[in-house]
Amino acid sequence: MGTSRVAGEVGQCLVSYRSWERRFLMSPADSEAREGFERAVAALCRATGERCGREAAEAAQRSGPPASDREGDFE
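Residues numbered from 1 in each chain as written. Predicted model: local features only at pLDDT ≥ 70, side-chain atom pairs only at ≥ 80, totals over all residues. Heavy atoms only, no water.

1. Thoughts on the overall build of the protein
Within the protein, the regular secondary structure consists of 4 helices and 0 strands. When the elements of the protein are put in sequence order from the N terminus, they spell out α-α-α-α. Put simply, of all contacts in the protein between residues at least 6 apart along the chain, 47% involve residues at least 24 apart. Summing over all exposed atoms, the protein offers an accessible surface of approximately 5100 Å²; the carbon and sulfur share of this is 50%. (Helix = DSSP H or I, 4+ residues; strand = E, 2+ residues; numbered from the N terminus. Contact = heavy atoms within 4.5 Å. Areas by Shrake-Rupley, 256 points an atom, 1.4 Å probe, with all protein chains shown as cover.)

In structure tokens:
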């Protein structure tokens, strides 16, 4: 697997993670949102090799997330 392909996968996982994170935080009682967020966390952890979602998101952010993710991120 090429470096750009791996970076692309990490970027896609990060975008999905951020999207599900927002949805879950807006509706924590929504089981679909919780399950989607958990799947996104697992995918991002696999893609980055990190053990928890927050660390995986930070690692993905450091690796250069796509501009579409940075635009909506107001941390």
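2. Topic: the environment of arginine 18
Residue position: arginine 18 is located in helix 1 (residues 3-26). You can call arginine 18 buried: its relative accessible area is 7%. Spatially, the C-alpha atoms of arginine 18 and alanine 57 are 8.5 Å apart, while their sequence positions differ by 39 residues. In terms of polar contacts, arginine 18 uses its side chain to reach the side chain of glutamate 21, at 3.3 Å. (Buried < 20%, exposed > 50% of the residue type's maximum accessible area, 1.4 Å probe, protein only. Polar contact = N/O pair within 3.5 Å; in protein donor to acceptor, adjacent residues only side chain to side chain.)

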